[in-house]
Every structure is written in C-alpha cells, then in structure tokens.
Amino acid sequence: MASGPLRIWTERAGDPGLPAVLMIMGSAAQGVSCPDALVGRLVERGVQVIRFDHRDTGRSSVVDFDAHPYTIGDMARDCLAVLDGYGLESAHVAGASLGGMLAQWLAVHAPGRVRSLTVMSSSPMGHDPRPVWERALAGEPADPDDLPPPSPRFLAHLAAGLPPGVESDVALLRVFNGSVRPFDEPAARAMLELALSRATDSAAAANHHRAVWLEDPSLLAPLSSITAPTSIVHGDQDPVYPLGHGEALADAIPGAELHVVPGMGHVMTSPGLPEEVADLIRL
C-alpha cells in the first residue's frame, strides 16, 4: 500500500466482502505482533481483519527521521492509507498502546472512517507522560493530578539498559506480561525472531519514540468529540499504563464501555488471552 511516498506492508485475513477490522499495533511493533489467535477469533466472529507494519518497522518503508521527521498524526494517516488501499470507506478500528492513540486520532479526525473504536492497553491521546516518568525514575512522589506512573518493575527494566536484541525483547515482554497470568515465552520468542527476520532495518523502529515526543497540535483535540461506539480494554496489571489510564479514557469518550481484563498486563503473551481480547473488540 502507498502512504504518500512510503510503502506500507499489509495483510488481510477473512472474507473481503465482510466488514473490516483494522488492527493497529503499538510503538516499534510490526503487524505480526498482533497474535494469529486474535485474528482467527475475529474472523470466526464474521469480519475480515487487516494488520500492517507501521512505517519504520518490518517490510514497510524506512524513513530518514532526521531529514523527514514525522508525528503520531502522520502515523495515523498511514492507517487511512491502508483503508484507502483496500477500498474501504470505513472499518472497525482497534489499537493497542501507541496504536490505541492512533485509533483515537482516527476517531477524532476521520470519524466517518471509524465504524467502532476499541482502545487496548493505552492512554488518552495528547497526554504527555514524560513528567510522570521522570518523577518516577527519580524516585519522587507522584503528583495527585497525574495519571499513574509505570510500575517499579518496568522502570527498573528501563534503567537496566539491556543491549538490543531478541533476548532483551523477551525480557521486556516478560515484564509487559506481568506476573499474574503465565508468560508464553516460546510464543513470544518465536514472534520476536520472526519480526527480526523480516525487518528491513530493525533499528529504525526506535524512530517511533522520537515521533511520540514531537509537538503535534492535532493530538490536543478533545476526545469528547468521538462519536464512534467505543470500548476500552485494559488489564488490571498493566505495568506501562496502569488501569487509571484506561479509566481516564472511558471517562473522556462519551458512552465508552470499560472492560477490565483480570491479570492482563500490557501485551497478549499469555495463553488464551488473545482470544479473550478478541471477544471484547467492538464490532
């Protein structure tokens, strides 16, 4: 698919004549990080499913970020380009983590393209977590007006500064998974090895973190303008965006339904969890 000068890798599962679900994954994550089991369960529910590689990941175009910096809004426009490439006027949109913020952007700025909205393991669009993270890393007390900071275990993992690679990523996913539900390490490792094997430039995915911090006025649009039927899916063990982030989203979006998943962390790396989450995606 083309998004301006960029090429975006996509994959479709299910009957092309059925309503579509656009799955938007998180920062630095390829489309293959969306579990096959989740895709299969959605297809069983009677939809087609589209997943794709963000720019700077997998088989999509690599960007010279210094020469051509981009924002979250630009990444959201890539999502629209995917829908355009399949000739879809609209789709059910489901996004995880950063993908959840892109999904919010679409629901605010392209409401006619969003049949329903599901935001998973994410935080309100436009919320700047840097002051919260900086205070937490410095061991300073949280501001009572802030959304909750990441878990100490996640902050300790960041502070450890492990070298990049599959082993470091497995360790990160173990932290993301949390300690309540079992961590399916073989499946997580297989996904990470697949992602590494199909990446044009594995280091380029770090550009997403740079994009997140670029000023983008479009992120400040009120979530109260969202009209799509909305579900918020959030784990009560999320170490990155604790449950308060999901609750804030549900409060900000009119009519949103909050589904708290017991024992779920920030990712779907526990047996049976992808199917459980698939059943909560709004159709």
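Residues numbered from 1 in each chain as written. Predicted model: local features only at pLDDT ≥ 70, side-chain atom pairs only at ≥ 80, totals over all residues. Heavy atoms only, no water.

A.B. asks: For the side chain of S231, give the residues involved together with the corresponding values.
C.D. replies: With respect to the helices and strands, S231 occurs in strand β8 (residues 230–235). Looking at S231, the relative accessible area reads 1%, which means it is buried. Here the side chain of S231 touches R282 through a polar contact of 3.1 Å, side chain to side chain. For S231, the contacting residues outside a window of four places in its chain are L117, T118, V119, E257, H259, L280 and R282. (Helix = DSSP H or I, 4+ residues; strand = E, 2+ residues; numbered from the N terminus. Buried < 20%, exposed > 50% of the residue type's maximum accessible area, 1.4 Å probe, protein only. Polar contact = N/O pair within 3.5 Å; in protein donor to acceptor, adjacent residues only side chain to side chain. Contact = heavy atoms within 4.5 Å.)

A.B. asks: Give a detailed account of the pattern of salt bridges, specifying residues and quantitative values.
C.D. replies: On inspection of all chains with the given rule, the structure shows twelve salt bridges. One salt bridge connects E11 with R51, and the closest N-O pair in it is separated by 2.8 Å. Of the two residues, E11 is situated in strand β3 (residues 10–13) and R51 in strand β5 (residues 48–52); the sequence distance between them amounts to 40 residues. The class for E11 is partly exposed, based on a relative accessible area of 32%. One salt bridge connects R198 with D53, and the closest N-O pair in it is separated by 2.8 Å. One end of the pair, R198, is in the loop between α7 (185–197) and α8 (207–213); the other, D53, is in the loop between β5 and α2 (72–85), with 145 residues separating them in the sequence. Taken as a pair, R198 and D53 share a single burial class, namely buried. (Salt bridge = Lys/Arg side-chain N within 4 Å of Asp/Glu carboxyl O.)

A.B. asks: So what's going on with the packing of aromatic side chains? Which residues, and what values?
C.D. replies: For the structure on display, the rule yields two aromatic pairs. For the pair F65 and Y70, a centre-to-centre distance of 5.0 Å together with 75° between the ring planes defines the contact as edge-to-face. Of the two residues examined, F65 and Y70, each falls in the buried class. Ring geometry for F154 against F176: centres 5.7 Å apart, planes inclined by 45°, an arrangement best described as tilted. Of this pair, F154 sits in helix α5 (residues 152–160) while F176 is found in helix α6 (residues 166–177), placing the two residues 22 residues apart along the sequence. The buried category is assigned to F154, whose relative accessible area is 5%. Stacked on the ring of W9, the Lys or Arg R198 has its end atom at 4.3 Å from the ring centre. (Phe/Tyr/Trp six-rings, centres within 6.5 Å; stacked < 30°, edge-to-face > 60°. Lys NZ or Arg CZ within 6 Å of the ring centre and 35° of its normal.)

A.B. asks: Talk me through the environment of I72; I want residue IDs and the actual numbers.
C.D. replies: If you trace the backbone, I72 turns up in helix α2. Placed 136 residues apart in sequence, I72 and H208 show a C-alpha to C-alpha distance of 8.3 Å. Discounting residues that sit within four places of it in the chain, I72 has contacts with L98, L102, A211, V212, D216 and L219.

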